[in-house]
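This is what each chain is made of:
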Amino acid sequence: MVSAKEVQLLVLSCLIFALPSTGDRPGKPENLSCIAVQEERYISPNITCVWEAAGRQTGFVPTTYTLNVRSNIGMYNVSTREKSATVSVGLFPNHETLDIWVEAHNTLGKVESEHLKEEANWFVKTNPPSDVRVISERTFPTSLLINWAHPIDEVYVKLTYEIRFCPSGSQNWTYVPLVDTAKGIQSFRLQNLQPDTVYVTQVRCKNAIERGYWSNWSTNATERTPEDRPRSKPDLWKIITEDESTARQVWFICKDPVLSNGRIIRFDIKIQDHKDRVKNRSGELESIPVNRSKADPSPSQQKITILKQISLDDKKSVEVYVTAVNSVGKSPEASLVITEKVNELPTVKDLKVQRNGGQLCLEWKPPARPVSEYVVEWVSGSRIDWQREKGSTKNTVIKGSLEKFVSYTVSVYPLYSGVTGKPASKEAFLEEGVPLIGPAVKLKGKPGCNEAELVWNEIPQHSRRGFITNYTIFYTSGTKTHNITVPANTTSYTLKSLSRSTKYDTWVIASTIRGSKRGFNHSFTTLKYGTGEIEGIVVGVCLSFLFVVLLTMLLCIYKKDVIKDNFWPRIPNPGESTIGNWSPDYPLKTETPKENCLSGISVLDVDVCDGKCGSEDDKASLPLKKDKYLSEEHSSGIGGSSCMSSPRQSVSDSDEGGDMADTTASTVQYSSVVASSNGYKGQTPNFQPQQAIFSRSESTQPLLDSEENPDMLLQEGSRQSQHFSRQPSFTHTAGNEDSADPADFNQLEMEQQVLEPLDFCPLEEETTPTDGQSADGLPAALVSSYMPQLGGYRPQ
C-alpha cells in the first residue's frame, strides 16, 4: 500500500519535468581588447580578442559569443562559447579603421559589447628592436652610445622607442624619458654614467600613435664605461693590537674609493710624525702596488688592501695620508690621525645592537664634543669591514654582508676631524642557533678524596652559533646523576661532597637561547685518602711515639732508683767492706792505710794448734776482743778495691748502732781469716804451714750453701789451710814493731815479695789473747772458717 508521503513526492517530480527550462538572459561582454602581432617583416592578418562575461551563466541555458570585425573590405566573424577568439581578415588592413565587437546570445535573448573603432595599427604589437649595440668611447668616460635597427618597415608602422639601463648585477633600472627619444630614431647616447662601470642596456618600441602595445624588451646589451680619474678619497682605516710588553702594532688598511672610476693600480702612503708636521717637515712617500684583474666582477669598493704595518709607542702620535692611483690619475687624499694612548678622545655612550628583520640595528648617544663622522666596524675572526656615517647620525643599520650564526664584534668610533676617538663595542649575532660542539671537560690536577676540580675550554667563536647563556655540569657515580648550573663566564668548578675511592663520569652542556650541546664524557676516581691525610697520620703516630718516649724517659729519670732496684739489684762494692765490723761487742780503732799496702784483700794470720782442732770448743766461733781488733775496709777477695779507701769502724758500740742494725739487717758479712800456729799472740811471723783461713767482707748477696752449712765450710777451710801452709804469711803487731831484729826484717821483705802478687794489704793490729788461746798464742780449737756473730748481724 502506497503511503501519502510517497504520492506527494511523485507529483512533485512530474511537475518539475513538465515545466520549461529556466535561466537568465546573457550579460553584456566587457573589457574587449584585440591585438595583431608581427610575423617576420609584416603584421599578421589574425586578430585575437579577449573579453569578460557579465551576468549569471547557467548550464541549462548556454551562451554563445560571436566576434565581429568590420573593415572597408568586408565583415569577418567567428562564434565560440569561450571568452576569447581569433578572427582572420585575410590581409591586415594597415592604416584602415576597424570596427570590432562581441555579441552574446542564448535562448532567452542576445546582447552586444561596446564597439572598438580604431586605426588598424592601434591593435599592432611589433617585435623588439633588433641588433642593439652599445659603444664605449674613451674620450667620454661617463657616456655610452646605443644603436639599434627598426623591427618593421616604417611603411607599415611608425614606431617610438624606450631605453632603460642599470649597472651590471643590479635590478634597479633607470629609464630614459620618452620625450628624449624622438620618433623613428635608431641611436641614443646615455650620459652621466659612472666611469669604469659595466652597464646593461635594453630597448623596446611601439606604434608612434599615443595608444598601442609596447613590444617586448630587447636582449641585454652590456658595455663598460671608460676609466676616469678617481673622484673620491680612499676609505682609510686602521687595526690596532695592544700588548703590555711591547708598543702598539698598527696596520693601515683601506678600501678603494667609492668613485674609483677605474682599476686602482697602486696606493701612495705617507706617514708623518705629529711633531714633524708642526715643524713643516714632509714625510717620505711610499707606493703600495695593487695587483688586481681587470675582469674582476666584484664591486671595487669592497676590496680591502693592507697598506703598511708600524710599531707605535704609546706616547707617540702619527698622521697618515693615502691617495689611490688608477691609469688616468690620482684620487683626493685621505688622512687619519692616531693619537697618543693617554690622549684618546671620548667615545659614544649607551651603544645598543639589536636584530631586526634580518639586519643588525645600532643605536648610540653622541659624545659631548662635535663629531665629524662615525666609523661603524664589525669584525668576525680575521674578517673585518666598516662603513662611515655622518656626524649627525645616532642610529644606523649595518649595510655589509652578514652571515647567520656568526659572532660579530661591532664597534662605533667617533672621528673628530680625522682624529679617532675611543671605540664602544658590543658582541652580536645576526641569528643564533645551537652550538656545533660541546665543551671538553677535564680534571685539573689530581682528584681529592671528597672533591675534584673540573675545567673546560670555551667553545670557539665559529662553533658557538649564539651567546652561551650557561653551562650545566653533570656527574654520576652510576647510581644517581647530579647537575649543577654555572654562569656562562665560568670555565672551572670544584665538585664537593664526593665519596671516597669512587669512580665518577662527568660532562658539561653548553646552552644558548636556541638549544644545548653536550660535550664528551670524562671519568675520574676519587682518592681513598686525601692530600696530607697519610702525612698527618704518620706525623701523629710519630709525635705520639715521641711523646711516649719522652714520657718514658722522664719516668726513668724520676724513678731511676725504683727501676734500678727492679732490674739491677744492689750489689755492695767489696772494696768498701770493712772486715771485723760484724762484731758488735768490741769497738774498732781506725787506722790509716799504709802507703805501701796491697790493694784488694786484708790478710790476718792466726796461729792454730795442729793437734787441737777437733774439740767441742773449736766448733764454736772464735770470740774477738773489742779493744784488740781493728779492721779496714778493703776487699774481701770477692772484688778488689783501692787500699786507699777510707776506713770505717764498727758501729756496734756507737750511738747509731741500733738504727743502722735495723736498716741493714739483710747485709751478709763475710770474712777471711788465715790461721797460723802462733795464734794472735804477738802476730809474729811464722813459717809453719797455715791450717785455716777466715775471711770477711760486706755484701748484699744471699748466703751460699757453704755459708748456711758451717760443716761444709769446715771441710773447705781444711783444704785452704793445706794450701796456705805451703806459702809464707806476713803479719806484724804494734808491740813487736820496735824489737824486730834485722834477720826478721829481711824475712819480712822476702815475705812481702812473695805476697805481692796476691795483692794483700798488711794491717797493724793490737791483739790480745782471747779465751780460746793458749799462753803461747795458739787457738784452742779451729772448727769452721765462719765465725758466728753475737747478737746477730750488725750494720757495716
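A short tour of the structure in this document, coming up.

Reading guide: rules and limits
- Numbers given to residues run from 1 along each chain, matching the order in which its sequence is written.
- Thresholds applied to this predicted model are a pLDDT of at least 70 for local features of residues and 80 or more for the giving and counting of side-chain atom pairs; totals over whole chains, interfaces and linings are not thresholded and use all residues.
- Note that the side-chain values use all heavy atoms of the structure and ignore hydrogens as well as water.
- Relative accessibility under 20% of the residue-type maximum defines a buried residue, over 50% an exposed one, and the middle range a partly exposed one, all with a 1.4 Å probe and only protein chains included.
- Secondary structure elements follow DSSP: runs of H or I of four or more residues count as helices, runs of E of two or more count as strands, with numbering from the N terminus.
- In short, DSSP must find at least two bridges between two strands for them to pair.
- Fitted lines through C-alpha atoms give the axes, limited to the stretch in contact for helices. The angle between two N-to-C directions lies from 0 to 180 degrees.
- Here a salt bridge means any side-chain nitrogen of Lys or Arg lying within 4 Å of a carboxyl oxygen belonging to Asp or Glu.
- Whenever a nitrogen or oxygen atom comes within 3.5 Å of another N or O atom, the pair is scored as a polar contact, on the condition that within protein one atom can donate a hydrogen and the other can accept it, and that pairs from neighbouring residues in sequence are kept only if both atoms are in side chains.
- Here a residue-residue contact requires only that any non-hydrogen atoms of the pair lie within 4.5 Å.
- Working definition: a ring pair exists when centres of Phe, Tyr or Trp rings (six-membered ring for Trp) sit within 6.5 Å. Plane angles under 30 degrees give stacked, over 60 give edge-to-face, the rest tilted.

**What about unusual backbone geometry?**
(1) Moving on: You will see that aspartate 131, though not glycine, has its phi angle at about 55 degrees, which is positive.
(2) Moving on: Note on aspartate 131: relative accessible area 53%, which makes it exposed.
(3) Moving on: The phi angle at phenylalanine 405 is positive, at roughly 60 degrees, despite the residue not being glycine.
(4) Moving on: Following the sequence through the fold, phenylalanine 405 ends up in the loop between strand 29 (395-397) and strand 30 (407-416).
(5) Moving on: The exposure class of phenylalanine 405 is partly exposed, given its relative accessible area of 24%.

**Observations regarding the sheet that holds strand 15 (residues 187-190)**
(1) Moving on: Spatially, three strands are ordered 11-12-15 in an open sheet, and the strand pairing comes out antiparallel. If you trace the sheet from one side to the other, it starts and ends with strand 11 (130-136) and strand 15, each paired once. Looking at each pair of strands side by side, their axes are set apart by 20 degrees on average, direction ignored.
(2) Moving on: When strand 12 (residues 144-149) meets strand 15, the two strands line up antiparallel, connected through four bridges. Across the sheet, the residue bridging to leucine 145 is arginine 189, located in strand 15.

**Thoughts on the pattern of salt bridges**
(1) Moving on: The tally for this structure, following the rule as stated, stands at 22 salt bridges.
(2) Moving on: Measuring nitrogen to oxygen at the nearest pair gives 3.0 Å for the salt bridge that ties lysine 341 to glutamate 242. With lysine 341 in the loop between strand 24 (334-338) and strand 25 (349-356) and glutamate 242 in the loop between strand 18 (235-241) and strand 19 (248-255), this residue pair connects regions lying 99 residues apart in the sequence.
(3) Moving on: For lysine 255, the salt bridge goes to aspartate 385, with nearest N and O atoms at 2.5 Å. Note that lysine 255 is positioned in strand 19 and aspartate 385 in strand 28 (residues 383-390), a separation of 130 residues in sequence.

**As for the side chain of glutamate 432**
(1) Moving on: Mapped onto the elements of the fold, glutamate 432 is located in the loop between strand 32 (424-429) and strand 33 (441-443).
(2) Moving on: A relative accessible area of 7% means that glutamate 432 is categorised as buried.
(3) Moving on: Reaching out from glutamate 432, the side chain makes a polar contact with the side chain of arginine 355 at a distance of 3.4 Å.
(4) Moving on: Polar contacts involving the side chain of glutamate 432 include one to the main-chain amide nitrogen of phenylalanine 467, which spans 2.8 Å.
(5) Moving on: Setting aside anything within four residues of it in sequence, one finds glutamate 432 in contact with Arg355, Phe405, Arg465, Gly466, Phe467, Thr512, Ile513 and Arg514.

**Notes on the packing of aromatic side chains**
(1) Moving on: A full pass over the atoms with the stated rule returns 13 aromatic pairs.
(2) Moving on: Ring centres of tyrosine 504 and phenylalanine 524 lie 5.8 Å apart, and the angle between their planes is 20 degrees; this geometry places the pair in the stacked category. Taken together, the residues tyrosine 504 in strand 38 (residues 503-512) and phenylalanine 524 in strand 40 (residues 522-525) connect sequence positions 20 residues apart.
(3) Moving on: On the accessibility criterion, tyrosine 504 (5% relative accessible area) is buried.

**Details of the sheet that holds strand 22 (residues 304-312)**
(1) Moving on: Ordered in space as 18-19-22, the three strands form an open sheet in which the pairing is antiparallel. Both edges of this open sheet fall to strand 18 and strand 22, since each of them pairs with a single strand only. Direction aside, neighbouring strands of the sheet carry axes that sit 20 degrees apart on average.
(2) Moving on: Relative to strand 22, strand 19 runs antiparallel, the two being bridged by eight bridges.

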